[in-house]
Every structure is written in C-alpha cells, then in structure tokens.
Amino acid sequence: MTEKLRAAKSKAASLLEQESIIEPASRLQSLRDRDTLTRFDRDTDPDLQADEDSSFAARLKFRDAARRAAKDKRAEAGLPTAEEAYNFFTFNFDPEPQQQRRKKRQSRRREAELEREHEGEEESEARDEDAPLVRDEEEDLFIIDQSAQDFLEVRRAEYIGYSRRLQRERETLFVPSMRPVPASSKLPENVRPRYLEEEGLYVGERPHVCLTNQNILENRILKQAEGRKWFGDDGCIIALPDPIKESSSRPPLFHLEDELDPALQAVYRKALKTKHVNLYIAGMGDPQADYQLDVDVSGLIFSHHPLFSREHVLAARLAQMYDQHLTRQHKNLTRLLTDKVTQKCASKTKLPALSQVTQQRIAEYKHEVRHTRQLRDVEQEKDRALLKSIIRVWKELKALRDFQRFTNTPFKLFIRREKVDGEQDEQEFENDIMAEVSELEAEAEEDYQRKMSEYRRQHEEWKSWKRKQKALKKKQKKKRQQEEEEEDEEREEELGEEPEKPEPPEKPDTGDLEEQVREKAARIRRKPGEPVLIPELTVSGPITPNEQCPRAEFARREDVAKRALFIKVLYNDKEVSRTDSRTLNMDFRVHFGQIFNLKIVNWPESIKLQVFESVGSSTSQLTEVCVPVPESSVLTGSAPFEEMEFSSNQRVTFNHEGVGSGVPFSFEADGTNTQTLLTSGKLSCCVSWAVGEDDVPLAPPSSQPGGGMYSGHRQMDAIACIGASGLNDMKKLGKWAAESRLDPNDPNNASIMQLLSVVSSGDVAVPEYFRLEQLQEEFNFLSDEELQRSRRFRLLRLRSQEVPEFRHFKCVPSMEREVSEKVFQDYEKRLKEGEIIDTKEHIDAHRALVAKYLQRVRESVINRFLIAKHHFILSDVVSEDEVPSIGVLGWNLFKLAEPKRPLKPCRKERKKVTAQNLSDGDIKLLVNIVRGYDIPIRRPYASKPPASAKSGRSFTEPFTAPVSSQTPQQGSEWPFGQVTPLVRPFVEVSFQRSVLQTSTAEGPNPCWNEEIVLPFSAPNGDYSSTSLQSVRDEVFINIFDELLYDVVEDERERGNTIHTRIERHWLGSIKIPFSTIYLQSRIDGTFKVSTPPVLLGYSKERSLGSEGGYDAVRSLSEGTFLSLFITIEPQLVPGDTVREKFDSQEGERLLIASEVFEKEASGRFPKRPCLTTVIDINGKTVFVTRFIRPLNPPQELLDAFPNSPQETAEVVARYVSLVPSLPDSVSFAGVCDLWSTCDQFLTLLAGDEEEHAVLLCNYFLSMGKRAWLIIGIAIPEGPTAYVLTYEQNRYLIWNPSTGQHYGQYDTFCPLQTIGCLISSDNVWFNIQPYAAPVRMSFDVSKPNLWKAFFSRAFPDPGLSSVQPEGLVYRHTDRAVAVELQDRIEKVLREKIMEWRPRHPTRWNRYCISTLRQFLPKLELSGGREVAEEHRLELQSLLGEYRISGFPLHLPFSEIRPIIEAVHSTGVHKVEAPNVEFALAVYVHPYPGNVLSVWVYIASLVSAH
Amino acid sequence: MTSNNPAVFLLMVNGQIEAADFPEYDDLYCKYCFVYGHDWAPTSGLEEGISQITSKGRGSQSLVWNFPLDITFKSTNPFGWPQIVVSVYGPDTFGNDVVRGYGAVHIPFTPGKHTKTIPMFVPESTSRLQKFTSWLMGRRPEFTDPKVVAQGEGREVTRVRSQGFVTLQFNIVTKDMKKLGYETTSEHSAATGLTRTSQQL
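Only a predicted model underlies this, so the values are computations on that prediction, with no experimental measurement involved. (Residues numbered from 1 in each chain as written. Chains lettered and ligands numbered in written order. Predicted model: local features only at pLDDT ≥ 70, side-chain atom pairs only at ≥ 80, totals over all residues. Heavy atoms only, no water.)

**As for the overall build of chain A**
Helix and strand content of chain A: 44 helices and 37 strands. Within chain A, contacts between residues separated by at least 24 positions form 73% of all contacts whose residues are at least 6 apart in sequence. Accessible surface, chain A: about 89400 Å² in total, of which carbon and sulfur atoms supply 52%. (Helix = DSSP H or I, 4+ residues; strand = E, 2+ residues; numbered from the N terminus. Contact = heavy atoms within 4.5 Å. Areas by Shrake-Rupley, 256 points an atom, 1.4 Å probe, with all protein chains shown as cover.)

**Side note on the packing of aromatic side chains**
Each aromatic ring pair is characterised by the separation of its centres together with the angle its planes make. Within the structure shown, the criterion is met by 35 aromatic pairs over all chains. Ring geometry for F1349(A) against F1350(A): centres 4.9 Å apart, planes inclined by 85 degrees, an arrangement best described as edge-to-face. Connected via pairs of aromatic rings, a cluster forms that spans F9(B), Y32(B), F34(B), Y36(B), W40(B), F67(B), F73(B), W81(B), F109(B) and Y182(B). Stacked on the ring of F612(A), the Lys or Arg K568(A) has its end atom at 4.4 Å from the ring centre. The ring of F1165(A) has R1168(A) lying over it, and the distance from NZ or CZ to the ring centre is 3.9 Å. (Phe/Tyr/Trp six-rings, centres within 6.5 Å; stacked < 30°, edge-to-face > 60°. Lys NZ or Arg CZ within 6 Å of the ring centre and 35° of its normal.)

**Considerations on the pattern of salt bridges**
Residues and elements named next belong to chain A. Counted by the stated rule, this structure contains 30 salt bridges over all chains. R582 is paired through a salt bridge with D580; the nearest N and O atoms lie 3.8 Å apart. Among the residues examined, D580 registers a relative accessible area of 42% and is labelled partly exposed. Note that E1042 and R984 form a salt bridge whose closest N and O atoms lie 3.2 Å from each other. Of the two residues, E1042 is situated in strand β20 (residues 1034-1046) and R984 in the loop between α31 (968-971) and β17 (985-991); the sequence distance between them amounts to 58 residues. (Salt bridge = Lys/Arg side-chain N within 4 Å of Asp/Glu carboxyl O. Buried < 20%, exposed > 50% of the residue type's maximum accessible area, 1.4 Å probe, protein only.)

**As for the sheet that holds strand β24 (residues 1120-1129) of chain A**
All names here are of chain A. Across the sheet, 4 strands lie side by side as β19-β15-β24-β22; this open sheet has antiparallel pairing. A strand with exactly one partner marks an edge of an open sheet, and here the two such strands are β19 (1007-1015) and β22 (1082-1089). Here the average twist between neighbouring strands, direction ignored, is 20 degrees. The pairing of β22 with β24 spans 8 bridges and is classified as antiparallel. (Pairing = 2+ DSSP bridges. Axes fitted to C-alpha atoms, helices over the stretch in contact; angles between N-to-C directions.)

**Some details on the packing of helix α37 (residues 1205-1217) of chain A against helix α40 (residues 1249-1262) of chain A**
Helix-helix packing is characterised by the crossing angle of the two axes and by the distance between the axes. Residue and element names in this part refer to chain A. Close contact between α37 and α40 brings their axes to 10 Å; oriented N to C, the two are set at 155 degrees. With respect to α40, the element α37 is oriented roughly antiparallel. Considering the relative orientation of α37 and α40, their crossing is right-handed. Where α37 abuts α40, its residues A1209, V1212, A1213, Y1215, V1216 and S1217 lie against H1252, L1255, L1256, Y1259 and F1260. Residues belonging to the contact of α37 with α40 are distributed by class as follows: 9 nonpolar, 2 polar and no charged. (Parallel < 35°, antiparallel > 145°, perpendicular 65-115°, else oblique. Left-handed = near helix turned anticlockwise from the far one by under 90°. Nonpolar A, V, L, I, M, F, W, Y, C, P; charged D, E, K, R; others polar.)

**Examining the side chain of R792(A)**
Following the sequence through the fold, R792(A) ends up in helix α25 (residues 791-800). The buried charged residue R792(A) lacks any salt bridge partner; its closest oppositely charged side chain belongs to D39(B), at an N-O distance of 5.8 Å. Engagement of the side chain of R792(A) in a polar contact is seen with the backbone oxygen of P813(A), the distance being 2.6 Å. The contact partners of R792(A), leaving out residues within four places of it in the chain, are V812(A), P813(A), S814(A), M815(A), E816(A), V819(A), T76(B), N77(B) and Y182(B). (Lys, Arg positive; Asp, Glu negative; His and termini not counted. Polar contact = N/O pair within 3.5 Å; in protein donor to acceptor, adjacent residues only side chain to side chain.)

**Observations concerning the pairing of strand β30 (residues 1290-1295) of chain A**
Residue and element names in this part refer to chain A. Counting buried residues along β30, 5 of its 6 residues qualify, which places the element largely inside the surrounding structure. Pairing between strand β29 (residues 1278-1287) and β30: 5 bridges, direction antiparallel. Each bridged residue has a counterpart across the sheet, and for Y1286 the counterpart in β30 is Y1291. Taking the residues that link successive antiparallel strands as the turn, the β29-β30 hairpin has 2 residues, and the phi of Q1288 there is positive, at about 50 degrees. Looking at chain direction, β30 and strand β31 (residues 1300-1303) are connected through 4 bridges and run antiparallel. For N1295, the partnering residue across the bridge sits in β31 and is Q1300. From the end of β30 to the start of β31, which pair antiparallel, there are 4 residues, and G1299 there has a positive phi angle of about 85 degrees.

Structural data, given as structure tokens:
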C-alpha cells in the first residue's frame, strides 16, 4: 500500500513537473500570440510597427524600456520613448488628428532635440575630459604682452533703425494671423472639401476650441512645409472626437504635514462598520437580539462522477431504479387504483337507475371508472416495466462483472418470489378481465347505439330525399317533351345534391374485445398464478481488491483515492466557512457531517454551497447549489434534511477505466449505443434557524419584511402558510383540484384538500393586483373595516378632513363608548339632504333643485379652496414692511410740512390685522350714520299738493309719491298736528341679532353724525379669512319715524304727567351684506334707501326745495338717501382670492395677451378693475367677450309697450332685476368669481351682478340698442358690472340688479369708477385721467382715452360666443303663482303672530281684501304709478282707522328673505291695544319662472 | 378623584425658561405660548406669558430669566401633544423693539425632569434692500403668528437665520396615561415609547 502511495506520489510529482513545463510553454505561447498580433499590425500599417513594439515594451518594463529605447537604434532613427511620448502628449493639448501619426511625427521632432541634447552633453563631457580649454588657456597664459586694449574694442553703440529691425524680425518672426484660413489653401489643389457628416458617417463631436485660437493654429501650420498634411478632407484640422481624458491624470498634490493648518489635519479613526447597512434585520437595534442560521452539511452522493467505472454507472442506475421501485412500492398506487375501481363499480351498481339525476350520475361513474382503470393500467405497466428494467440492469451488471472479472460495487440484487394462491389469483384475474370486458362491451354498445341512431337519422333524410327525387323525376318526365335541354341542366343540378346513402354501422365484436383485454393484461400484468417478484438490493457484495484488478482499473482507483472534496458555504455571496476536505470513497459518497452556525446581521438573501474537488494541490469547483432561505418556523432539530440535486457540465476524460463525464462512452464492445453522462449528484444538507439556550428560536420575527418584499404577500398566501411555498396561484390550484378530481381521502392530498376548503370557505385569496405600497398593511394597526366601524376613528378622520361640522370639534373622547351616535346626526342628515329635495323649505320645487345644484357647486369649489388654503405665500407667514419707494419717501417728507391738525382731516389707513389670532368680541362693526336726505314726511293736514309732482321729471323717475288733496279729517289723526315737525326720523342698525339705534332727529334732511358700534362674532368662532368671507349676515339699516302719542286719559294729569306711547313707522331700509364690508374694508358714501312705492300717511317732501341749484340736480334722482360710513374695527385683511390656474380652451396667445393687458392696466391704474378673462361655471377660463351676444328678451315684455321703446327697456331691466341675486363672494367664499351664461343664469335663477349685467346687456343688444358692459366699482357692491347704453345722444348707466338707470351726469349714480367697457368684439380699458362717469368720455373710438384689447397689432381672432343662440322662456303657470302666493301669505301671518307673543293679533279682513286688489295694479305700473284714487278709496273706506303701511316688493328666491324683510320693517311692533293688521301678498309670474312678490303690510289703529 | 375608567389623561408641566444665549444681543425678554391639538385643553395655569427684560451679567454671556411655567393640560388623545413656543424680543441699536428669535419644542412625553435647549431663529428679509430698510426703520420681518414655528405647514415659503439658544427646564407629571393605554415610560429609550404611542393612537 505504502509502495503504491509512494508511486502515486511520484506520479503526482512528475505530473506537477509536467505541468510546470507546460506552463512556461503556455506563457511563451501567449507571447507568440502577441507577436502575431503585431505582425498583423505591421502588415496593415507598416509605419506603426516600431511604435507598437516600443509601446509593448513599455508595457512590460516601463522605465527600463524607456531608457533602453533611448539608446535603441530604432529610437535613434527618430522614435520616441514611451515616457517622452507620454510627457509630450500630456503637455500638448492641441486637438490633433490620428494619434498614431501625430505621435510619430511629433516624437520625431522631439527626438531630434533630445538627440541634440545628448550630443551636446557628450561633447561637453568630452571636452571636460580632454580639457582642451585649459590647454588653450595654458597656452594663452604666457602671452602677457597683449594689454586689455588688444582684446577690447571700443565702438559706438550700434543702432538698428526701427524699420530695419522690423524687417529683420520679419525674417525670423512670424505672427500668425487670426483670420480664418480659406479652405482652398488648406486642401490640395483642385480638391473640393469632403464632409463625412454629409455622407452619413458618424463624426464625433470635437471639443470646443476658441475660433481665433484655431485660426492662429491653422495659419501657423500652413506656414510650415507640408502643413497641409494636418488637414483632413473637410479642410479642418484632423482631430479625434474628444481626446480629453475623463479622469484627471495629474498626480495629486502632496503637502508636507507641517504646512497644513493643524485644524485641517485629518485624524485617523479606525473604520467602523455601520450596523445599519441597508437590508439589516429590523429590530437589530438592540444587540441582544441576534439571529443564527444553522447550516448542516451532512454529505454528498454522486450519481455520476467522471471516475465512475462502467460498473459504477450501471450500479448507480440500478440503485436509482431500486429507489424508484421502493418509492412506488411505498405509494402503492396500483393497489390504490385497483381498490378505487372496485369501489366505484360497487357504488355504481348500488345506484338505482331511476331519475335523470342518477342516470347522469351513473354515466359519470362509468366515465370515472374507465378513467381510473386507464390510470391503473398505466401504473401497472410502469411497475412492470420498472421491474423488468431492474432485472435487465442487474443482468447487465452481472454480465459486466463477469466480463471484466472484477467487482467494483457492492450491489447485489436478490429477487424474492412470493407464492400466491393460484386459484384465487386466477379467479380474481378472470373477474377483473370480465369486468373490464363487460364495461368495454357496454361502452361499445353505447357507441353502437349512438351510431345507430345517427345512422337512422341520416337514413331517414336520405329516404326523404329519394322520395322527393322520384317525385321530381316524374315531373321532369312530363316536362321533358317540351324542353329537353333545360331539364337536363336542372336534373343535373338536382342530382348534384344527392346525399350519400348512409352505411349502417357495424355491430361491435365482443369476442374481439375480450381478446384485446387479455392481450393487454398479459402485457402489463402479472400472469395469474405467477409468483410475485420482489427485488431486494443489498450492498453486501464483495469488492475485488486492488491487486486483483487490471491496470486501468487500478489507475482509476488510484485516481479516486487522490480526490478530495470540500464545500464552501456562501452567505449572501460571501464565503463564510468551508468544510474539511474529505477524500472521495470508492462508493462515491462523501460524508461531512458538519454544522455551521452563522450569526447573521444582514437579511439572508441567498445561501449557497459550492462543491470543490481537489486533486493534489489544484482545486476546481464542481458545482454550486443554492439553498433556499428557511422560513422562520424551520428550526434546528426539527428541520428535515433536504437533498439538493446538482450537476455540472464540465468535460473530463481519463485514460483509465473512469468513464469521464460529458464524453460519450459505450458499454458495448463495438462502441455502439454510446451514452453521455454528466457529473451529478445529491447534496444532503439542512439550513434552519437555531434555537437559543432558553428554547427561543433565534429567527427574526416572521412579521418582519422577510426577504424584503414578499412578506405582505406571504400573509395572504395560504399555501405558504402550510409550507408549500412557491405554489401561490390559488385559483389555478383550485381549478386543477376540481379538474383532476383529487381524491379527498388520499393522505397525500390532505394538505391540499384542507387548503382548498379554507379557500372556498374563507376569502383567503392571493390578490391579483400589484400593490404599490405593499408594506402599508404592515403598518396598519387596525383593519380598514374596524377603522370604518369605530366611531372615534371616524370622528378623528372627519375632523382632519376639515368637514365643516367637525372642523373645530374639541376633545374627541378617548374611548369608543363615549362617542355617541348623535355626533354624526347633523352630518349624516346633510349628506342625505344632498339627495332629497326638501320642498317645504323652498316652496317651489324648481328653486329647491337650483338651491341643491348651487350647494353642490359650492361644495366642490370649497373643496378646491380648502386644498388651496394649505398653500402659503410669504406674506401669510411673515409680516414684513414694504420697501418705501422714493415717491413715498418724498411724500412723507412733504407731509412733514403739513399742518398738524388740518381743518378737513382725511381718514388715515389703519394697520391691517390678519384674522388669525382673534376671538369673539375682538371685531366690531362701526357704522357711522352721517345724515339723511329727502326722508318722506308725514302727510301734512291741509297743505296744498306740492308742485314738484309734475316738475321736470324725466322717464327716469322711478318713484312717485304724489300727494293729492287731503281730506280734513285725515289731519285729525295726527295728534300733534301742526306743532310737531314733519318727520322725526331715527336710524336703527341691526346686525347679527343686535339692534342699536341713533337718537331721533327732526326734519326730512336730518343730520345724526352718530357712530354705532356693533359686535361681530364669526360662525363657530373661526376667524380665518375663509370663514369671514362666507359670513352671510347682512347689516340692516332702517329708517323709522318716531311718533309720539299722548295716552294720558285724564286731562287733569296732563299738567304733571307725560304719558306718551312711542310708535315707529318704517320708512325705508338699506341692506349691506357683511361680505361687502369685509372685502372692501370700508364703505363710505351716500346710499339710496329702498323705500316702498307707497307709504301710507307719508309723502315726499317737495315743496321746500326750490327748483334751482343743488336740489334741482338732486331731484333728478328721486328717493331717500343716507350718508354712511361703515367699517370693521380692527381692519381685517381680506383673504386673497386664490389665484388658481384654471384650464382653458382659449388660445395660448390670447391668454398671454390678456394677461399682459391686465397687468399693464393694473400697473397704470391700480384702482381700476380690468377684466378680460373670467371663469365659467365649469371652472374654465373664458375670454369675456364671448359672453356678450344679442339675446331675445321674453316676447311678453316687448309686447307690453309696443310704442315706447323707452318703457320697454325699463320693463326689461325690471325683469332682469327680478332674478334674485346671490353674490358669488358669499356662495363661493372668496375663491373666485364664476360667470354663468344667460341660459344657466335663468335656469339657476340666481346670480351675481355680472350675470344680471350680461343678461341685460344682451337684451339691449337684441333690442337694437348700443350697449356695453361696464366693469367698475360701485357703492355699496364694490367691484361690479353695470350696463351702459347709448340712446338719444346720451349715455345711460343701468344698475342691472335693481333695474334702475342713471344718466351720465347723475350725482347719485352708485357707480364710482369705470374700469373697462366690454362689447361683443372688444374690451376697452379706461386710460382717462378720471374714472368717475361724470367726468369722462364714453367714446371708445378714441385710442387716447380707451385702450382696446384687440387692435391692429392683435386682431380679434373671431371668438365665438358661449351664449346660446336664443333663449327659450317657459310660460310660468299662473296657478303655481297663486298657490305660492297663498303659502307666503300663510307663512307671513303665522310669523307675525309668532313675533307678537304677548299681544293678540287681529286681522282686518276688509282691509286685506282691499289691499289685495291694490297690489296687482302696483305690479302693472312697475311700482311707479300709484293708483292714487285707490288709495283714497282705501282711506275713505277705512276712515275710522289710523292706517300706516306700505307695499314691499321683492324678487322671489326663497321665503326666508321675505320674512326677514317683513320683520325688519317692524310693523309687528305696534303695541297699541286696539291695533289690527292687514297683510296681502301678490305673486306676479313672469316668463321663465321669474316671480315678482309684493307684500302689502299695514297696521290699523282705531281712531276711537 | 381616582376613577378606574378615566376619560382623559392629565399632563402637568412645570418648569422654567431658564436662560438664553444670544451672543450679540442684550436686554431681551421673551414670550411663550403653548400650541396643542384639538383634543387638548388647559385645565389650569397660564397659557401665555411674557417675561421681564433681562440683561447680561458682567462677564457672563447668558441672559437669565428663570421665568416659571406652570400649566396642566387634559387630553383624550396624544395627537397634537402640546408644544411650547418661545419668542424672544429686544431692542435694536435704535431702541426699536425687534424680534430676536423664535423657537418651539414639544413638552417631553415622559415624567421626570428634562432640560431642553432650543435653537432660535428669525425670518429673513426678502431682499437686501428690505433688510436695510427694516434695519433702518426697526421693523424687522416677523411671523404673523409665532405659532407658525410649531407647525410644519407653510414653512417652505420662509427663510430664516438662526440666532441663539434658549434653555428650558420641564418637570413633567402625567396621570392616567397608562390607564388609557398610552405608555410613555419604558425601560427602553423614549423612542420606542413614542412608536408605541403612535400605534395606540
């Protein structure tokens, strides 16, 4: 043995030697290879050869070669060293073409220089050595007789003239020109430049070089001889695309340490490995928790190895087959299937063939039995085939052993015969066969039956066809005599259709069947009575010892003994450990039995085992096996070993008995039947999580994102739960299970069946979708359903969504049970209301619908706004003073000279307060009531009718309170008759349920000058600008007349007691919405008081005013006026409108132009509003002129006054004003101004001033007037829209929401500033110095006064209108109006009674009926012409009573405003004991559901 | 007052605004206020306060206020845990009162004594000219509401400059937190307690 070993060693040594010999050879080989390479180069480009050589040398030994090359002859011939070349190229940055050539050329020159230097050195050295100078000097030293003069020559300084010097310089110097070189000089003669780019070749981008530099270079090159070589075909300097190195080749600068600032010195710290590498296991923060993977590598079995002998191959095959046999035996599928067949047959027979269902069932059973039988047959055949092949292989093996006369493997196969009871076996066999045969027969019979029926059917068809044919033939015979040819054709056609006569099917041959079955049985089954063969493989066979083996086999065994194997364990592609090296045994099994404990920090991504084989000192990797990362439930101790199959495709051949792998070999002597086997085998290993000392698994928690991505998925993956990871398509599995009719009783299927039951019962399913945030579920601390269910969470969520009801909800209870359902009631009610139309609130169904629609628009806009609210700009967060401009500074300086207390002080701007840190009571509304004009006076007793009734009134007169002759008894009603003043008015301001009033003044033009301070509280205590803007409260300013009645009954007491009753009579009111005040921050001016058309007992004061002077001007606009100043203290910053970019269908150019136009306008006149684009109801930007288009007003209105266009215009304006107005700023809290088209407006029946103005303007246009839309500022509305018309050489300004109109020179025109005019085709911006209508010109054709949007530079692109072509008006049903009228009256009556809780309310029916008749007349006259006689009639009829009352006129939108209006008049406040009331309501329908509501309310006090 | 099923938990804060470190400025005073969520309500104590003006001592660099804080909150939900917002003011070279710093910090979660040092900052002027004029006029940019510094919203539009530090000391007592399922004290770090709290939320 030892000898052998030695021999082997020596052999190995010799082998090694051989190898070492081979190695240099290979090196040589490689050198030779390179040589050939250079040779190849030389062939192609001989010039480069030398260069190439030197560079190669440089590569080998850089410095040496450099030195050598300098001395080299070739180098002397003008070739550079690599170093020089390197230096040269690093210092030369010229873009040069074709590096090789350049290298050569440049280097040659450089080399020449170098050479010269060398020579110089040598010369000097030579001189030094020879010291010729010294010798000369020595010689010279003796010549003393020559003085200094002999050596020195004194001459005049030589002067070279400038021009000569230039000339000389020109000879030697050359200044290259900076001009571009003409292409012709760069190219050889008669050659045109050729551009490679144009030919389609790729030309790289050259680095940028300054053009002048390039020109200089070109000029310089051209100056030299052969300069043209530097230019390419295209006349440019040949250059590489980009020769600049990507990385810097400059060596880093090293400073001495002393020079460094000590503060900047680097301090060395030992490198720390961060624990938090990406992919570290979560929860690794605390160092105690460590995770351990145990990798147990138990062993390795080769199923093929290159050192296998032929016998081994066979033995391996045998073993494999035997294994297979064993597993089959274990499963015993045949037995199972046989049982199944018998069972099925039995159950089939049990079923009574009665109903359709059972028939079906039986058919199914039959099918199943057949199917199972087939399966069984297949299995049986396989079993048999396996058995046969085992025996065959064993025989082969034996033969081989005999042949080679030695044994390599210990395998031995015994075949045990098991005797069977012959008769019983026979019986069973026969039974089985018979059963099968009968089944087949039945099947065949069935088949036959089916075919028969088919046949019969076909036969029947054929017969009927025949019959027809016969009949046809008879006919044809008759016809034939007449026309033969045609018939012929016909007949042929007929015959062509003849169906084949069906053949009756053959009767199945049962005898044949039986034969078939028997034959098959014989093939696949054990013959009856034949003993059962049971193979048994043992490894007890003796192996021929080495000495007895032939040489080749011996060599193989030697080789095997030399081999050793070891396994490397790689964790996350890093080698963590390796097993000991174990020698390969003769049976090609390697046992390692090593366990590696891996303490891990990083997440396991992959665990790999690499199998290495070492022969002597050389090792080679055989293969690599990936081991799956175990589930966290797989723990050491319980984890089973897994056998990993591996194979390697390396080719190995041997010259001994070893068959090798990857090479064909043959068992046969003649070399036929070759096989190729690859090295393969099984690696048995086990990877599991370790168990700690206290039985705690050292596995990361399974909820951790194991493997990064999949755990969320895994949770849902039921299959993964039961351990069969990888199968995760539940649906497919279920389908497959259903299709394959899995046997639920099969233990193999148990887990799947269980799983399927889970799947079908529960809703555990693998999601089919891809989840973007797959980890979201991990972070959810509650399931979504639970989150939905919980009231507390719902409350919290709603609050964070800023749902209005919950936005300021404080202290959400901490416990679920403390949140009551009541909290959500309001909210849910509101949600529900969205769907149900509450007709009770709104009286009119249509209006309810509109209100709902508006509500929805409002909500969506508010949502948009809420989002926008969270975008801040700097001024929201930081308060900063504006930079004072020079102008302001100058003005401030100028102001210093101002008087300290001017006689007419003007109001100073106050500091604005952002509405953030405010609370209730901080904000106050200041109303300063200055004075009133033209307040109606009590009807005097016997004064004559004032003449002004017919004074120069134009058609503009909207209001008349004509006074006619009074009856004397009327006067007696006023107790203080002559002595009391005409009127004692006071003003009452009510806002948010707080009512304050001024002192009482006297006379029709009173002066109060009083300030009323009203507290303001925002809804919900929310003082953000949003909520302030949406405050819908209005300030009511009412003027009352105070009447005093002496109620002293007893005349005697009059001396010392004053007992009067105060009564107040409503004269008029002004309504100002809070939002207007808020947005404008102050309202200052004289307002027209809306007074009722008729005030019983009052008349306009006329007689006092003279006809001339100021009053004359004033009288142009009739009515009562009130001077007011309203503001908020402290001043609030109005919320900025959210500048959102709305999408638009307008052209980009138009949008830009409009932006520029608006910007320019606001730059020049910041106070004048300019409008070019607006937002329509869909939230899209629309150019404003698109809204203007002539639209027809209702025909009814046009027909009313066919002769008077003026009156028609007024009626139309009145109609427009009857559409209720709803300011956008209220509905769309400060977000934006939405414009709706006229049809939308009329459908919604609610809109802003703009909509009114657009509609009115469109009506006027269709009536043939010249009309424009005015965008301006008015009081009290603020920025608004009016309508301008031009007729009879004068301009009229119409207020569309009241229907009033004013002349241009009307002093009380509410319009204060005119910003721009809009027509259907253009927009003009006012660039006049004044913006008040009185002081400006409306001639838009003057470009110096009006700047047009569309001009010659930017013509109108022809914008189509967004308005409909015409408006369709629905006739409003009279009955509906009457019904509404009744309802309003009822509601109002109830309300008045409700307001008078302490007094009985009596109704005077007579008066009511009179008033009712009176109202339609008022409507007819438009509230202007009062039927005076009717009033007189009323007075006479109600002579007994003191009557005070008035009609109110309102557009109808809802009932609430009507109630408010009635309430604000305070009629119900009369507390006289014998008071009676009268209330009449009249609703007049206009086309398009526009309703005009009149409420006549009066109080009557009995005169007695 | 001990009930087994409390509806609210209490957080009692007392402590003081100890001192400030503003290297260049002197004669400063500070204001504080608390910012808290909807579910919080102060039950006693002062929500806002303004301190005396303090000057630097001789040789010492810190400005000492020792301004006491004492407030008790009740809450049902740790969301919106109170923050203290401190803003420091003082005269500039012309004697105008200008802001010297804003800062905010959450009240500590865990009971016990805590010392917090909060960095202070002021908003920057939008331009150099603005800066000059604001310096000249003594009207430096200020936050419209000091509570801005306790919120994340809208901060992206501002630029600030850091100014100095204010040191605060808190003594925290909580009641019924655990009963409501919020655990802020644990043997581990405060961070784990925080995560647990947020899970309970």
